[in-house]
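Commentary on secondary and tertiary structure
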Amino acid sequence: MKKLVVLISGNGSNLQSILDACTSGRINGSVAAVFSNKASAFGLTRAQQAGIPAHALAATEYPDREAFDRQLMQEIDAYAPDLVVLAGYMRILSSAFVTHYHDRLLNIHPSLLPKYPGLHTHRQALANGDTEHGTSVHFVTEELDGGPVILQARVPVFAEDTEADVIARVQHQEHAIYPLVIGWFIDGRLQMREGAAWLDGAPLPAHGYAHD
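Residues numbered from 1 in each chain as written. Predicted model: local features only at pLDDT ≥ 70, side-chain atom pairs only at ≥ 80, totals over all residues. Heavy atoms only, no water.

1. What about the nonpolar core?
Membership of the largest hydrophobic core comes to 37 residues, with the highest contact counts inside it found for Leu-4, Ile-18, Val-31, Val-34, Ile-150, Tyr-178 and Ile-182. Residue contributions to this core peak at seven residues, all from helix 6 (residues 163-186). Setting aside its immediate chain neighbours within four residues, Val-31 contacts Leu-4, Val-6, Ile-18, Leu-19, Cys-22 and Ile-52. In this structure, Met-73, Leu-93, Leu-105 and Val-140 belong to the second largest nonpolar core, which totals 18 residues. (Core = buried A, V, L, I, M, F, W, Y, C linked by side-chain atoms within 4.5 Å. Buried < 20%, exposed > 50% of the residue type's maximum accessible area, 1.4 Å probe, protein only. Helix = DSSP H or I, 4+ residues; strand = E, 2+ residues; numbered from the N terminus. Contact = heavy atoms within 4.5 Å.)

Listed below in structure tokens is the structure:
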């Protein structure tokens, strides 16, 4: 059975959706370990409750980002994962980390990329009067939130929405599409080739998979 390592920084709701999908067989693999840059992250408790090794590394214990990522890579590699999954991991990755896990590093970002890379995406969507927002699963490259998109989910934004309303709507979609994409990768259907995402032997369009 193929193995995942999941990186988190907070509540771990996407981690929970991945754990549930592994348990139900929607992902034909298992989570070998969970890592966080915050010891207080509730996602670590979720992992422990599921009987999965949970580790926290504090950035303050390392002289720079590169040193932190070297230690993180060493600890991840001890589990020999087939795929590394970023699920609300809020640290910018060093180029060495991205290169080390090239072609097997996924992220989910709460916007319809390339729109709104970085932080506070929901706030930006509301401030700009967007009527549509969403989330994107993509391969990770050295460009922040810039790797090839695999799948997006769109949600409406209504005039009376608060940021909490938009977050809840987007997260509902994230919990559906992230396990789906991870399952594609684990089943050998999804690859990154020639700087693009490929599904079932064909390159995906810029905005990812679209069902006809």
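Text resumes after the structure shown.
2. Points about the pairing of strand 2 (residues 29-36)
A large share of strand 2 lies buried, amounting to seven of its eight residues. Between strand 1 (residues 2-8) and its parallel partner strand 2, the chain crosses via helix 1 (residues 13-24), and the hand of that crossover is right-handed. Direction of pairing for strand 2 relative to strand 3 (residues 54-56): parallel, over a ladder of three bridges. Paired with Phe-35 across the two strands is His-55, which belongs to strand 3. (Right-handed = clockwise from strand over helix to strand, strands pointing away. Pairing = 2+ DSSP bridges.)

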